[in-house]
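# Tertiary structure, described
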Amino acid sequence: MSASIVVCGSGIVGLATALAFARKGEAVTLVGPRPTVQNLSQDEFFARVYALSPASQRFLASIGVWALIDARRLTSVQAMEIHGDGNGLLNLNAWQSAQSELAWIVESSEIERVLVQAAQVMGLRWVTEKFASYAPGALTTDRGTTLEAELFIAADGAQSPLRAAAGLTVESRPYGATALVAHFNCSVPHQGTALQWFGSEGVLALLPMPDTAQGPQVSMVWSLKEAIANEVLAMPAAQQASALQTRLAAATAGRLGALTLRSAVHGFPLTLNQSPIIGDCLALAGDAAHRLHPLAGQGLNLGLGDVQALVDTVAARESFRSPGDPMVLRRYRRLRAEPVMAMRLVTDGLARLFDIQHAPVVWLRNTGMNLAEKLPFIKRQLIAGASR
Ligand SMILES: Cc1cc2nc3c(=O)[nH]c(=O)nc-3n(C[C@H](O)[C@H](O)[C@H](O)COP(=O)(O)OP(=O)(O)OC[C@H]3O[C@@H](n4cnc5c(N)ncnc54)[C@H](O)[C@@H]3O)c2cc1C
């Protein structure tokens with residue numbers, strides 16, 4: 001089988017890449033298992049939710065999938081309230097930057113559902129097998145299908161088997177932290193505000209979610225030191241709920257009233273990964289290229305930024321160049337260097353800054369937050385940065 005472009009990985013980044021190329025009229029084939037479509041009732045919510053930036057929202061709209069998302073499963077983030085580990089407090093509001101929202105919260109399964117639906121409607125060529133081996137110019141699946149192409153795209157996640165088979169290195173540094181993810185009922189309405197606390201045990205985010213029959217709901221992402229997170233994960237369900245509720249009550253000082261666990265708790269060990277973004281006839285996108293600390297909720301947004309840059313660069317190539325031409329790939333690398341580096345520096349810098357428990361540093365970071373709180377110009381810059 002041959003195509004001009006083969007995308008390996010059928011997660012959100014892979015599906016979006018294949019769809020965006022198909023919309024540009026490129027001969028593209030997607031390789032990867034079909035995501036399991038969840039049949040959730042209106043009051044059930046998938047464990048993984050993402051904060052999507054306005055830029056990601058516009059990109060998903062441009063490939064025709066945003067409008068397919070069930071509006072009842074979307075939450076618009078109007079404001080962010082960020083608490084330091086001293087008296088630091090920073091409030092960011094969409095109106096401060098004349099935006100209609102700061103971000104959207106949506107379940108990963110809902111984004112996958114609409115991408116799969118669009119792929120079906122467009123008749124996207126999709127080999128629902130797993131990648132097994134690679135040599136420049138040809139990829140073979142676990143069922144022995146061989147695909148030849150001019151450009152291969154690794155969108156197969158942080159462990160990226162295609163990246164490994166192509167011999168690209170990955171620098172990986174564990175944070176010694178695990179993100180606990182779960183949904184909670186809250187007794188005080190969140191009013192579309194995403195709340196975040198930087199504490200000595202880690203970074204806690206409570207993201208606004210659609211109300212359920214039990215009232216307002218938030219999704220927790222709590223990046224905790226590994227030992228604490230593992231202890232919680234190992235507990236039986238009832239003990240886990242009460243331990244988390246007690247810890248949350250202390251960490252949030254009752255900001256959203258009583259928080260009651262309404263879902264299973266999942267753990268994600270955190271690492272900072274960086275790989276070269278291009279190889280021989282090969283481009284990487286999403287977590288295959290970089291993995292960040294989730295404290296800013298930007299990993300997928302950065303991945304969708306890769307997709308947009310890659311698709312635009314390949315589509316704008318000179319007629320005598322193939323999609324995998326080294327010059328085209330170098331243009332892609334150049335375009336992504338600054339945004340990827342900037343996001344890595346910000347997220348890693350914040351994770352490290354709030355890990356230091358030295359009194360002058362604690363004072364400095366909280367004072368910094370309070371200073372930023374008083375400077376509208378800085379706030380606009382922060383909002384603009386988070387919206388890209
Ligand atoms: C706790 C937590 C919270 C987060 N919150 C946010 C957030 O709010 N906002 C945000 O922007 N980002 C967030 N992120 C980051 C986000 O989860 C990732 O950046 C995003 O999921 C990466 O998508 P991807 O498609 O690149 O990789 P993946 O989602 O890992 O998808 C990879 C795909 O490749 C497929 N695959 C693997 N092996 C093979 C193979 N051999 N052959 C074929 N296919 C294969 C897999 O089946 C999968 O479908 C968060 C991350 C964590 C850990």
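Residues numbered from 1 in each chain as written. Predicted model: local features only at pLDDT ≥ 70, side-chain atom pairs only at ≥ 80, totals over all residues. Heavy atoms only, no water.

## Quick look at helix H3 (residues 108-122)
Taking 1.5 Å per residue as the helical rise, H3 with its 15 residues ought to reach 21 Å, and the 21 Å between its terminal C-alpha atoms agrees with that figure. Inspection of H3 places Ser-108, Ser-109, Glu-110, Ile-111, Val-114, Leu-115, Val-116, Ala-118 and Ala-119 among the buried residues, and these make up the whole buried set. The positive-phi residue at the C-terminal boundary of H3 is Gly-123, with phi of around 70°. (Helix = DSSP H or I, 4+ residues; strand = E, 2+ residues; numbered from the N terminus. Expected span 1.5 Å × (residues − 1). Buried < 20%, exposed > 50% of the residue type's maximum accessible area, 1.4 Å probe, protein only.)

## Overview of the side chain of Gln-57
As for its placement among the helices and strands, Gln-57 is situated in helix H2 (residues 54-62). Leave out the neighbours within four places in its chain, and Gln-57 touches Trp-66 and Trp-104. (Contact = heavy atoms within 4.5 Å.)

## Some remarks on the pattern of salt bridges
Within the structure shown, the criterion is met by 13 salt bridges. In this structure, the salt-bridge partner of Asp-287 is Arg-291, at a minimum N-O distance of 3.9 Å. Given the relative accessible area of 30%, Asp-287 is considered partly exposed. The residue Arg-336 makes a salt bridge to Asp-306 at a minimum N-O spacing of 2.7 Å. Placement of Arg-336 in helix H8 (residues 326-353) and of Asp-306 in helix H7 (residues 299-315) is noted, with a sequence separation of 30 residues between them. For the pair Arg-336 and Asp-306, one class covers both residues: buried. (Salt bridge = Lys/Arg side-chain N within 4 Å of Asp/Glu carboxyl O.)

## Some remarks on a nonpolar patch on the surface
On the surface, a cluster of nonpolar side chains totalling about 320 Å² of accessible area is made up of Leu-371, Leu-375, Ile-378 and Leu-382. By the secondary structure assignment, Leu-382 is in helix H10 (residues 376-387). Leu-382 gets classed as partly exposed once you look at its relative accessible area, which sits at 36%. (Patch = residues over 30% accessible without salt bridge, like charges linked within 9 Å, V, L, I, M, F, W, Y side chains within 5 Å. Areas by Shrake-Rupley, 256 points an atom, 1.4 Å probe, with all protein chains shown as cover.)

## Considering the sheet that holds strand E7 (residues 103-107)
Pairing is antiparallel in the open sheet, where 3 strands are placed in the order E3-E7-E4. Each having just a single partner strand, strand E3 (49-52) and strand E4 (75-77) make up the two edges of the open sheet. Across the sheet, the axes of successive neighbouring strands diverge by a mean angle of 25°, strand direction being ignored. In this sheet, E7 lies alongside E3 in antiparallel orientation, the contact comprising 4 bridges. What sits directly across from Val-49, in E7, is Glu-107. (Pairing = 2+ DSSP bridges. Axes fitted to C-alpha atoms, helices over the stretch in contact; angles between N-to-C directions.)

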